[in-house]
Amino acid sequence: MDGILSDLGRRIADRWFAFLILPGVPFAATALVTWAMSPYGAAHALDLDLLARRLDTLRALATTTKGVAVGCLLLAGVALAALLVRELSLAVHRLWLGRSTTLCRVMRPGIRRRRRAALDAARHGGYAVPERYLPSRATWIGDRFALVDERVAAQYGVSLARVWPRLWQLNDPRMPTLVTAAWDDYAAATVRVTWALPYLALALFWWPAAPVALALIALGWVQGRRGADDFCRTCEAAVDLQLRRLAHIVGVPLPHQRVTAAEGRQIDRILAKGAYLPRTADDDGDARPE
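These remarks concern the structure in this document.

Calculation criteria
Residues numbered from 1 in each chain as written. Predicted model: local features only at pLDDT ≥ 70, side-chain atom pairs only at ≥ 80, totals over all residues. Heavy atoms only, no water. Helix = DSSP H or I, 4+ residues; strand = E, 2+ residues; numbered from the N terminus. Patch = residues over 30% accessible without salt bridge, like charges linked within 9 Å, V, L, I, M, F, W, Y side chains within 5 Å. Areas by Shrake-Rupley, 256 points an atom, 1.4 Å probe, with all protein chains shown as cover. Salt bridge = Lys/Arg side-chain N within 4 Å of Asp/Glu carboxyl O. Lys, Arg positive; Asp, Glu negative; His and termini not counted. Charge placed at Lys NZ, Arg CZ, Asp CG, Glu CD. Buried < 20%, exposed > 50% of the residue type's maximum accessible area, 1.4 Å probe, protein only. Axes fitted to C-alpha atoms, helices over the stretch in contact; angles between N-to-C directions. Parallel < 35°, antiparallel > 145°, perpendicular 65-115°, else oblique. Left-handed = near helix turned anticlockwise from the far one by under 90°. Contact = heavy atoms within 4.5 Å. Nonpolar A, V, L, I, M, F, W, Y, C, P; charged D, E, K, R; others polar. Phe/Tyr/Trp six-rings, centres within 6.5 Å; stacked < 30°, edge-to-face > 60°. Lys NZ or Arg CZ within 6 Å of the ring centre and 35° of its normal.

## A closer look at the environment of Arg174
Inference 1: Here Arg174 is to be found in helix H9 (residues 174-203).
Inference 2: For the pair formed by Arg174 and Ala238, sequence separation is 64 residues and the distance between their alpha carbons is 9.8 Å.

What follows is the structure, given as structure tokens:
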């Protein structure tokens, strides 16, 4: 899953209009209000009458050389903010993956809490949770992405990173649509959180921008969790529905009419194309593809 996410993460910034241009419009309006109100201090930050007078003054200056210069500077600042959001959204994505050793050490209490919650839920449900399924990353989103790899490997014995490009190209028009929609929801959440940073910068001069930034962070985190969960569910469903077909395509027989871990390891060895893979205790053949 990490390889898939790294590739998809580079596409977060490709959605310029939806993710960068549209959010830039309210940011430009907020920047204009900040420039108009910042000279009057925090006490007058919400003075609507004063704001109306200031905007009237700015409208009168709009046709002058000074007004045009200010407008150009404002547009340049918004464009710069959008470029920064584009780059920093990738950093937010990497942060949410929770793979950093330092971040895992900092978030160790949270990891232990999530592990206890998973074990308690399993105990109350009357089932056991394999150790490999328990939380181990610094964030809930990172754990959710990692769990897909573990569940696919445990059930089918295949590497998701190897089978995914092949599953994506099988002729099922519904799968790309569902997966792309779930990914776009998650990617939009990373961008929404990143837009909070320019608003925090404006809050240094006009404090009402701070609640907007906090709201963006909270809404983005909730949307990110939902999008990550939907994305993982659709990826796992694609494997469940298409792996049997992939086995037939690469020539792996299915004596049980389904893909077990034994057939999954054969598929994995074929897709590895000669790479040496670690042997497991129940492997009954050479670790290389035949």
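The discussion continues.
## Quick look at a positive patch on the surface
Inference 1: Residues Arg105, Arg108, Arg112, Arg113 and Arg116 make up a contiguous surface patch of positive charge.
Inference 2: At four residues, helix H6 (residues 108-125) tops the list of elements feeding residues into the positive patch.
Inference 3: Looking at the secondary structure, you find Arg113 in helix H6.

## Here's the deal with a nonpolar patch on the surface
Inference 1: Together, Leu80, Leu83, Leu84, Leu88, Leu197, Leu200, Leu214 and Ile217 make up a nonpolar patch on the protein surface, roughly 700 Å² of accessible area in all.
Inference 2: Of all elements in the fold, only helix H4 (65-97), H9 and helix H10 (209-250) reach the threshold of two or more residues within the nonpolar patch.
Inference 3: Structurally, the position occupied by Leu214 is in helix H10.
Inference 4: Overall, Leu214 belongs to the exposed group, its relative accessible area being 55%.

## Section: the packing of H4 against H9
When two helices pack together, their arrangement is given by the angle between the helix axes and the distance between those axes.
Inference 1: Contact geometry for H4 and H9: axes closest at 8 Å, N-to-C directions at 120 degrees. Judged by the inter-axis angle, H4 sits oblique to H9. The hand of the H4/H9 crossing is right-handed. Side by side, H4 and H9 meet where Ala81, Ala82, Val85, Leu88, Ser89, Val92, His93 and Trp96 of the first sit next to Trp183, Tyr186, Ala189, Thr190, Val191, Val193, Thr194, Trp195, Leu197 and Pro198 of the second.
Inference 2: Counted by class, the contact of H4 with H9 contains 14 nonpolar, four polar and no charged residues.

## Some thoughts on the pattern of salt bridges
Inference 1: Considering all chains together, one arrives at nine salt bridges under this definition.
Inference 2: A salt bridge links Arg151 to Glu236; the shortest N-O distance between them is 2.6 Å. Placement of Arg151 in helix H7 (residues 140-156) and of Glu236 in helix H10 is noted, with a sequence separation of 85 residues between them.
Inference 3: When its relative accessible area of 13% is taken as the criterion, Glu236 is described as buried.
Inference 4: The salt bridge involving Arg233 is made with Asp229; its shortest N-O contact spans 3.0 Å. One end of the pair is Arg233 and the other is Asp229, both in helix H10 and four residues apart, which spans about a single turn.
Inference 5: Several salt bridges share partner residues, and in doing so they unite Arg144, Asp229 and Arg233 into one network.

## Focus: the packing of aromatic side chains
Inference 1: Using the criterion set out here, one finds nine aromatic pairs in the structure.
Inference 2: Measuring from centroid to centroid gives 6.1 Å for Phe145 and Phe231, while their planes differ by 75 degrees, and the two rings are edge-to-face. Placement of the pair is Phe145 in helix H7 and Phe231 in helix H10, with a sequence separation of 86 residues. Assigned by exposure class, Phe145 and Phe231 land together as buried.
Inference 3: Geometrically, the ring pair formed by Trp164 and Trp168 is tilted, given 6.0 Å between the ring centres and 45 degrees between the ring planes. Placement of both Trp164 and Trp168 in helix H8 (residues 160-169) is noted, with a separation of four residues, approximately one turn of the helix.
Inference 4: The class for Trp164 is buried, based on a relative accessible area of 8%.
Inference 5: Note on Trp168: relative accessible area 34%, which makes it partly exposed.
Inference 6: Taken together, the aromatic side chains of Trp96, Phe145, Trp183, Tyr186, Trp221 and Phe231 make up a single cluster linked through ring pairs.
Inference 7: When the ring centre of Trp140 is taken as reference, the NZ or CZ atom of Arg225 above it lies at 4.2 Å.

Any link to function would need more than the numbers given here.
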